[in-house]
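Given next are the chains, with one letter for each unit.
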Amino acid sequence: METEGLIIKSTKYGEGSRMLSILTPQGKVEAAANGANSLKSRLFAGSQLFCYSKIVLKKGKGRLPYTSSCDVVENFYGIRNDVLKVSLGVYFCELLGIVAVGEDTERELRFALNTLHMLEKAEDYTYLKPLFEMRLMSLAGFMPYGECCGICGGRERLNRFSAEKGGALCDKCGGGKRVSEATLEAINYICTAPDKLVFSFRVSKEVEKELCQVCEEYLLYQIERTPSKLQYLQIMLDNPQQL
Ligand SMILES: [Zn+2]
């Protein structure tokens, strides 16, 4: 099978080999990369996390296919120069592994590549966390209510958000957490903007903080588990002075 793919997980396996999780346009694939741990291996470069490559997979003797060749298209190397960027990237990859489970993951793959590109280039990039969480949920079919109340369907005085009720709530229905109009607007934008424009929004640091809380809560409620990389990322985000 010839495909393109983003390495979303790469772990040591056996003697000098690696086990890869690859997000392709046709879903997530697990494959061995025999000998890839060696610097001399022609699979070494392409089997690193964040690497996007043209990949040839072949049927092996075991259960999993093996990587016959991989030609690196983009390695997002710049992410590795910043420990907080790495933590964000690792977290995004873990989320992709959890959420991008169907057989048509073309949009998730494009979105992931664009996000890694932004993460690599941008100086101000913490807004990528809520953006990635909410957009990924939307792409996976879990778009929250944004323009109308999740209980009564009304469009007036929306000023609350509840992960449990599926999104925005109005003042009359109550419940959830009080949020600013700017936060609800940002959520709407993240969920509905065309692919090309989704990264071009900016909010104040105050709104970003609220947006971060709301999006994370929504994501955790939807995926019903806590990603293992999230706790470490939280510590990094809360203590930027220690970096
Ligand atoms: Zn309502």
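The shown structure was predicted, so the numbers you read here are calculated from the model rather than taken from an experiment. (Residues numbered from 1 in each chain as written. Predicted model: local features only at pLDDT ≥ 70, side-chain atom pairs only at ≥ 80, totals over all residues. Heavy atoms only, no water.)

S.K.: Which residues make up the domain arrangement of the protein, and what are the values?
M.R.: Here the protein is partitioned into domain 1 (2-75) and domain 2 (78-242). Computed over C-alpha atoms, the centres of domain 1 and domain 2 are 29 Å apart. Listed per partner, the contact involves 15 residues of domain 1 and 21 residues of domain 2. At the boundary of domain 1 with domain 2, total buried surface from both sides reaches about 1400 Å², with 65% on carbon and sulfur atoms. Of all residues in domain 1, the largest losses of buried area upon contact with domain 2 belong to Leu23, Pro25 and Phe50, amounting jointly to 42% of the total for that side. Our count for the contact surface shared by domain 1 and domain 2 stands at one salt bridge. With a shortest N-O distance of 3.1 Å, Arg110 and Glu4 are connected by a salt bridge. (Domains from an automatic or database assignment. Contact = heavy atoms within 4.5 Å. Buried area = accessible area lost by both parts, 1.4 Å probe. Salt bridge = Lys/Arg side-chain N within 4 Å of Asp/Glu carboxyl O.)

S.K.: I'd love a proper account of the side chain of Glu108, names of residues and values included.
M.R.: With respect to the helices, strands and loops of the structure, Glu108 is situated in helix 2 (residues 106-121). Buried Glu108, no salt bridge; nearest opposite-charge side chain is Arg107, N-O distance 6.9 Å. Beyond its immediate chain neighbours, meaning those up to four positions away, Glu108 contacts Leu23, Leu96, Ala100, Leu136, Leu139 and Ala140. (Helix = DSSP H or I, 4+ residues; strand = E, 2+ residues; numbered from the N terminus. Buried < 20%, exposed > 50% of the residue type's maximum accessible area, 1.4 Å probe, protein only. Lys, Arg positive; Asp, Glu negative; His and termini not counted.)

S.K.: Describe the side chain of Ser17, with residues and values.
M.R.: Here Ser17 lies in strand 2 (residues 17-24). If near-sequence neighbours (up to four positions away) are discounted, Ser17 is found in contact with Thr11, Lys12, Ala33, Asn34, Gly35, Ala36 and Asn37.

S.K.: Help me get a handle on the pairing of strand 7 (residues 167-170), residues and values and all.
M.R.: Taken together, the four bridges between strand 6 (residues 158-162) and strand 7 define a ladder with antiparallel strand orientation. Among the inter-strand pairings, Ser162 is bridged to a residue of strand 7, identified as Gly167. (Pairing = 2+ DSSP bridges.)

S.K.: Run through the coordination of the zinc ion, naming residues and quoting values.
M.R.: Coordination of the zinc ion by the protein is provided by Cys149 (SG), Cys152 (SG), Cys170 (SG) and Cys173 (SG), with metal-donor distances spanning 2.3 Å. Here the zinc ion binds four donor atoms, and the angle range of 104 to 116 degrees at the metal identifies the geometry as tetrahedral. Note on Cys149: relative accessible area 2%, which makes it buried. By relative accessible area, Cys170 is classed as buried at 4%. (Donors = N, O, S within 2.8 Å, 3.2 Å for Na, K, Ca; no water. Tetrahedral: all angles 85-135°; square planar, octahedral: opposite > 155°, others 65-115°.)

S.K.: An account of empty space enclosed by the protein is needed here, citing residue identities and associated values.
M.R.: Counted by the stated rule, this structure contains two cavities of 30 Å³ or more. What the largest cavity holds in volume is close to 50 Å³. Together, Arg107, Arg110, Phe111, Asn114, Arg135, Leu139, Asp195 and Val198 line the largest cavity. Sort the elements by how many residues they give to the lining of the largest cavity and helix 2 lands first, with four residues. Its residues assigned to classes, the lining of the largest cavity shows three nonpolar, one polar and four charged. In this structure, the second largest cavity encloses a volume near 30 Å³. In this structure, the second largest cavity is lined by Phe161, Ser162, Ala163, Lys177, Val214 and Glu217. In the lining of the second largest cavity, the residues fall into three nonpolar, one polar and two charged. (1 Å grid on protein atoms, 1.4 Å probe; cavity = no way out; pocket = protein on both sides within 12 Å on 5 of 7 lines; lining within 4 Å. Points joined across faces, edges and corners; volume = space filled by probe spheres on them. Nonpolar A, V, L, I, M, F, W, Y, C, P; charged D, E, K, R; others polar.)

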